[in-house]
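What follows is each chain in one-letter form.
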Amino acid sequence: MPEKIYDLAIVGGGPSGLTAAIYARRRELDTVIIAGAVGGQMSLNNEIENYPGFEMTSGYELAEKMKHQADKFDAQRIEDEITSISPIDGGFILKSNNHEYQAKSVILSFGLHHREVGVPGEHEFTGRGVSYCAICDGPFFKNKTVTVIGGGNSALEAANYLSEICAKVYIINKYPQFNGTPFVIKKVSELSNVQAFQNYLTKEIKGDTKVTSIIINDANDASKTTEITTDGVFIEIGYQPKTDWLKGIVDLNPGGEIIINEKNETSVPGIFASGDCSNVPFKQIIIAAGEGAKAALQAYKYLSNK
Amino acid sequence: MSEVIFNDANFETEIMGDKPVLVDFFAPWCGPCKMQGPIIEELAKAIGDKAKVGKMNVDDNPLTAQKFNVMSVPTIIIFKNGNPAKTFNGLQSKENLTEEINKLI
């Protein structure tokens, strides 16, 4: 049992968690941020042009600035991954694989995680041809053949980027049409080395020591399969909250998002949530940051009234 | 110990020996690598002289990355006696890496 009892434990170190920490510390709450890495998804953004006050910045730079600001107000940061929360008298116990933390209130602000296709070979070949980050891993496939799974804007942007590096880019879209902005769809459809399989499902990713091919089938007829020779598979089918561990603790919506009210309260008094892992509409850095501030002020109010 | 900067020229000699050697294969254009960087620096300091910990820029040093089939960044490989003992893909926590190094000491 940990001896230290924090006023507030913030789970997650993206814009929402860091903003919450800044606000909580300015109200002099004894605050800890527990996160695997500071910055969250924001850090993966190369160019940010819609965060007021910064005409153009990178996600990494913005994350560093927010981290620096939280540090300035003496928010404690612990690098760890929380895997369970349980209520105890006067607060909550948060557990990771090797540690326990105790806090009187909690803000859940751990954002989203990339969505998986869920087919054989996906886990086996991750890092050996299967990638979830086209910007990161695209250059390893110079002049090779790659396949992008997905049909939304992120898949189309990935295909556009990869078409400049790779010899051939296939797109596997499970729907009959792309679901992106008309500008991006037009741009990708005009690329001579990009070929799309619309209305096709991914069945399996095959390989030996690394990816060698992908098997797809017609969405309307599972028996109609095609095997495509490919060196890389880029999975770009969006993001989802990783909230399995919270089932039965706080209420989640069917999409797995933590249900909050306008005061960032979850179904459990003392547990708040903010940012992309909550059911707040629009997953944006500025919104996540604002929600983090709201959650911290609400946690302060909760602790003051206790 | 402070972190080691590995390159194609020093790699073979640096990974020899019975102490575990952790190599963070990164690229300058990769967001998660930027998040991994400070974690590796902290790990190098915290682990002391029990293990060697450092980074390798795959853009400047393609030969080693190719030899060990690095197709994604960050990839972290822990070597023991010159051979890969454990490979991780994607961002890793200090805790997780410390645990794996301790298993190999």
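Definitions and limits used
Residues numbered from 1 in each chain as written. Chains lettered and ligands numbered in written order. Predicted model: local features only at pLDDT ≥ 70, side-chain atom pairs only at ≥ 80, totals over all residues. Heavy atoms only, no water. Helix = DSSP H or I, 4+ residues; strand = E, 2+ residues; numbered from the N terminus. Polar contact = N/O pair within 3.5 Å; in protein donor to acceptor, adjacent residues only side chain to side chain. Buried < 20%, exposed > 50% of the residue type's maximum accessible area, 1.4 Å probe, protein only. Core = buried A, V, L, I, M, F, W, Y, C linked by side-chain atoms within 4.5 Å. Expected span 1.5 Å × (residues − 1). Contact = heavy atoms within 4.5 Å. Axes fitted to C-alpha atoms, helices over the stretch in contact; angles between N-to-C directions. Left-handed = near helix turned anticlockwise from the far one by under 90°. Nonpolar A, V, L, I, M, F, W, Y, C, P; charged D, E, K, R; others polar.

Enquirer: Explain the environment of Ser189 of chain A to me, please; I cannot follow it from the model alone.
Expert: Residues and elements named next belong to chain A. Turning to its location among the elements, Ser189 is positioned in helix H5 (residues 182-189). For the pair Ser189 and Leu29, spaced 160 residues apart in the sequence, the C-alpha separation amounts to 53 Å. Only 2.9 Å separates the side chain of Ser189 from the backbone oxygen of Lys186, close enough to count as a polar contact.

Enquirer: What is the right way to look at unusual backbone geometry in this model?
Expert: Residues apart from glycine generally show negative phi values, whereas peptide bonds are mostly found in trans. The peptide bond linking Val73 of chain B to Pro74 of chain B adopts the cis configuration, its omega dihedral lying at -5 degrees. Not every positive phi belongs to a glycine, and Asp74 of chain A is a case in point at roughly 60 degrees. Among the secondary structure elements, Asp74 of chain A is positioned in the loop between helix H2 (59-72) and strand S3 (76-79). The phi dihedral of Asn199 of chain A is positive, around 65 degrees, even though this residue is not glycine. Relative to the assigned elements, Asn199 of chain A resides in the loop between strand S11 (194-198) and strand S12 (200-207). Residue classification places Asn199 of chain A among the buried residues on the basis of a relative accessible area of 17%.

Enquirer: What am I meant to see in the nonpolar core here?
Expert: Most often, soluble globular proteins have nonpolar side chains that are buried together. Grouped together as the largest cluster of nonpolar side chains are 39 residues, with contacts concentrated most on Leu162 and Val169 of chain A together with Phe11, Val23, Phe25, Val73 and Phe79 of chain B. Secondary structure elements with two or more residues in this core: helix H3 (134-137), strand S9 (145-149), helix H4 (153-165), strand S10 (168-173) and H5 of chain A together with strand S2 (21-26) and strand S4 (75-80) of chain B. Membership of the second largest hydrophobic core comes to 26 residues, among which are Ala20, Ile33, Ala35 and Ala296 of chain A.

Enquirer: Help me understand H4 of chain A in this model?
Expert: It helps to recall that an α-helix has 3.6 residues per turn; residues three or four apart then point in one direction. Counted at 1.5 Å a residue, the expected span for H4 of chain A with its 13 residues is 18 Å, and the 19 Å between its end C-alpha atoms agrees. Where H4 of chain A is buried, its residues touch H3, S9, S10, H5, S11 and strand S15 (232-235) of chain A.

Enquirer: How should I be thinking about the packing of H4 of chain A against H5 of chain A in this particular structure?
Expert: Relative orientation and spacing of two packed helices are given, respectively, by the angle between their axes and the distance between those axes. Residue and element names in this part refer to chain A. Where H4 meets H5, the closest approach of the two axes is 10 Å, and the angle between their N-to-C directions is 35 degrees. Between H4 and H5 lies a crossing of left-handed hand. Along its contact with H4, which presents Asn153, Leu156, Glu157 and Asn160, the element H5 presents Val184, Ile185, Lys187 and Val188. When grouped by side-chain class, the residues that make up the contact of H4 with H5 number 4 nonpolar, 2 polar and 2 charged.

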